[in-house]
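Spelled out, the chains give:
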Amino acid sequence: MREKLALESTKSAWDAAISDCLPQDIAFASGSGWRICVKAVTRFGLVVSHVSFRKSPDAPFVLVLSDGRFSEILVPYNKGTPRLMDLVFSSFPVLTLSADSPLRSDCPAPHVLLDDKRICREVRDYGIAVKKDAEVRRGQEVSFFAVLDADNYDYISEWIFRDDGSIVTRAGATGVKRDGPEDENGHMHNFTWRLDFDFGGADGDSACVTRHIENMNAAYSTATDRCDLIETEGGLQWNPAEFNTIVVSDSVLKNARGRRTEYELIPLRSGVARHTELFSRNDFWITRAKPDELLAVNLPDYAKGEPVAGEDIAVWYTGSLRHEDHMRDEDRDAVPVLWVGFELRPRNLFDATPFFGKDAR
Ligand SMILES: [Cu+2]
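Residues numbered from 1 in each chain as written. Predicted model: local features only at pLDDT ≥ 70, side-chain atom pairs only at ≥ 80, totals over all residues. Heavy atoms only, no water.

## A look at the coordination of the copper ion
By definition of the ideal shapes, four donors in a tetrahedron about a metal sit 109.5 degrees apart, and six donors in an octahedron sit 90 or 180 degrees apart.
Right, on to step 1. Protein coordination at the copper ion: the donors are Tyr153 (OH), His187 (NE2), His189 (NE2) and His323 (ND1), at 1.9 to 2.1 Å from the metal.
Right, on to step 2. For the copper ion, the four donor atoms are set out with angles of 104 to 115° between them, so the coordination reads as tetrahedral. (Donors = N, O, S within 2.8 Å, 3.2 Å for Na, K, Ca; no water. Tetrahedral: all angles 85-135°; square planar, octahedral: opposite > 155°, others 65-115°.)

## Regarding the state of the cysteines
Right, on to step 1. Inspection of every chain in the model, using the stated rule, returns three disulfides.
Right, on to step 2. Between the sulfur of Cys107 and that of Cys120 lies a disulfide, 2.0 Å long from S to S. With the S-S dihedral at roughly 85°, the linkage between Cys107 and Cys120 falls on the right-handed side. Taken together, the residues span a long stretch of sequence, with Cys107 in the loop between strand E5 (83-85) and strand E6 (112-114) and Cys120 in strand E7 (residues 119-132) at a distance of 13 residues.
Right, on to step 3. A relative accessible area of 1% means that Cys120 is categorised as buried.
Right, on to step 4. Along the protein chain, the cysteines that take part in disulfide bonds pair up as 1-2, 3-4, 5-6, counted in sequence order. (Disulfide = S-S within 2.5 Å. Helix = DSSP H or I, 4+ residues; strand = E, 2+ residues; numbered from the N terminus. Buried < 20%, exposed > 50% of the residue type's maximum accessible area, 1.4 Å probe, protein only.)

## With respect to the side chain of Ser320
Right, on to step 1. Structurally, Ser320 is set in strand E18 (residues 313-323).
Right, on to step 2. The class of Ser320 is buried, set by a relative accessible area of 11%.
Right, on to step 3. A polar atom in the side chain of Ser320 sits 2.5 Å from the side chain of Asn190.
Right, on to step 4. Sequence-distant contacts of Ser320, that is, excluding residues within four places in its chain, are made with Met188, His189, Asn190, Ala273 and Val340. (Polar contact = N/O pair within 3.5 Å; in protein donor to acceptor, adjacent residues only side chain to side chain. Contact = heavy atoms within 4.5 Å.)

## Side note on the pairing of strand E12 (residues 205-215)
Right, on to step 1. Note that E12 and strand E15 (residues 246-254) share five bridges and pair antiparallel. Looking across to E15, one finds that Val209 is bridged to Ile246.
Right, on to step 2. Bridge count for E12 against strand E13 (residues 222-229) is eight bridges, and the pairing is antiparallel. Residue pairing in the sheet places Glu214 in a bridge with Ala223 of E13.
Right, on to step 3. Counted between consecutive antiparallel strands, the loop separating E12 from E13 contains six residues. (Pairing = 2+ DSSP bridges.)

## Points about the environment of Val297
Right, on to step 1. On the secondary structure map, Val297 appears in the loop between strand E17 (284-288) and helix H2 (299-302).
Right, on to step 2. A relative accessible area of 26% places Val297 in the partly exposed class.
Right, on to step 3. Distance in space between the C-alpha atoms of Val297 and Asp164 is 34 Å, their sequence separation being 133 residues.
Right, on to step 4. Ignoring anything within four residues of it in the chain, the contact list for Val297 reads Glu72, Met85, Val88 and Phe279.

## What to know about the sheet that holds E13
Right, on to step 1. The 10 strands lie next to each other as E6-E7-E8-E9-E10-E19-E16-E15-E12-E13, forming an open sheet whose pairing is antiparallel. At either end of the open sheet lies a strand with only one pairing partner, and these are E6 and E13. Strand after strand, the sheet turns through a mean of 25° between neighbouring axes, direction not considered.
Right, on to step 2. Bridge analysis of strand E10 (residues 167-175) against strand E19 (residues 335-347) gives eight bridges, and the strand direction is antiparallel. For Gly172, the partnering residue across the bridge sits in E19 and is Trp339. (Axes fitted to C-alpha atoms, helices over the stretch in contact; angles between N-to-C directions.)

## Overview of the nonpolar core
Right, on to step 1. Trp34, Phe144, Trp159, Phe161, Phe191 and Ile246 are the most contacted members of the largest nonpolar core, which has 65 residues in total.
Right, on to step 2. Here this core takes six residues from strand E4 (residues 62-76), the largest share from any one element.
Right, on to step 3. Ranked by size, the runner-up nonpolar core spans 11 residues in total, among them Trp285, Ala303, Ala314 and Trp316. (Core = buried A, V, L, I, M, F, W, Y, C linked by side-chain atoms within 4.5 Å.)

## Let's talk about the pairing of E15
Right, on to step 1. The pairing of E15 with strand E16 (residues 260-268) spans five bridges and is antiparallel. Bridge pairing in E16 links Val248 to Tyr263.
Right, on to step 2. Where E15 folds back on E16, the antiparallel hairpin that results is connected by five residues, among which Gly258 adopts a positive phi of roughly 80°.

## Some remarks on the side chain of Thr210
Right, on to step 1. Here Thr210 is to be found in strand E12.
Right, on to step 2. With relative accessibility at 13%, the residue Thr210 sits in the buried group.
Right, on to step 3. A polar contact of 2.6 Å, which involves the side chain of Thr210, links it to the side chain of Thr245.
Right, on to step 4. In this view, Thr210 contacts Arg226, Cys227, Glu242, Phe243, Asn244, Thr245, Val247 and Glu264; residues no more than four positions away in its chain are not counted.

So, in structure tokens, the structure goes:
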């Protein structure tokens, strides 16, 4: 229902938002598109802002995120020390990328270098988006990445925006081990992202945590799915048996079927990391979004119990990579990239399967 989606980012709001970053207008063959502002920022790496999506050329842009970025990279070693917090202890620069050679460059043509060659943009086919036997649609996406030069390590921050309204965000760790080629010291890389949701506008956002509850006492196990409203600021732990996700909704946005439009944060992870640092005791945190609250290490202080239902909220998510004790020879010269991240997937933004079936346009 177009009227209810009329919380379009107005031209003046867009102009104000992009005054300090590089606006990107992405139009896909499907007719959908993104407006995204990108910037390479010392300490934070790639920062995306004013992220808006429209599902067709004549639909309004719907604001999803006002700001998305790393808020900490905690690197505790298995021996207990060192325990590096790369965003608060340091102010690492963003690396300059190169375009010179197809296989030896960060960002060869037809990729595009942006922001003094510190951000790489690529538009690409991501394979099968949806298929019903012989009827199939392949998807398109645009990727942006920048690399933080964290001493011996290089941290890749990548944001991928797809034509179906979904976003894939991931962090990659590569570079040289701290104590060189013979380094046998296992450690974790814990990446915490801060997502300032301004879904359909800054105010009126709510989050719930989805839970899949399996009843093993039935003769044939039964299950229920639900989403529990998060009413006050605080942290939540990801339970793999419950398939927890965080669903963010806006108080006004609905699709043409009258169903509430939402975005769902789906973890893409291989384990659960817990460390001494208090902010690492939870995988998700929900707080009121405040522009001066950007560092995850402060989360126990930020989360004071203020109401977060129907407010301007920030969602914080931590995913972890593990470099185990004892060296792999594949890591001897430089550690090949390991990735961790999450997906943001729309629910009831479209009225039916996007760009597919008899009503596809
Ligand atoms: Cu490592």
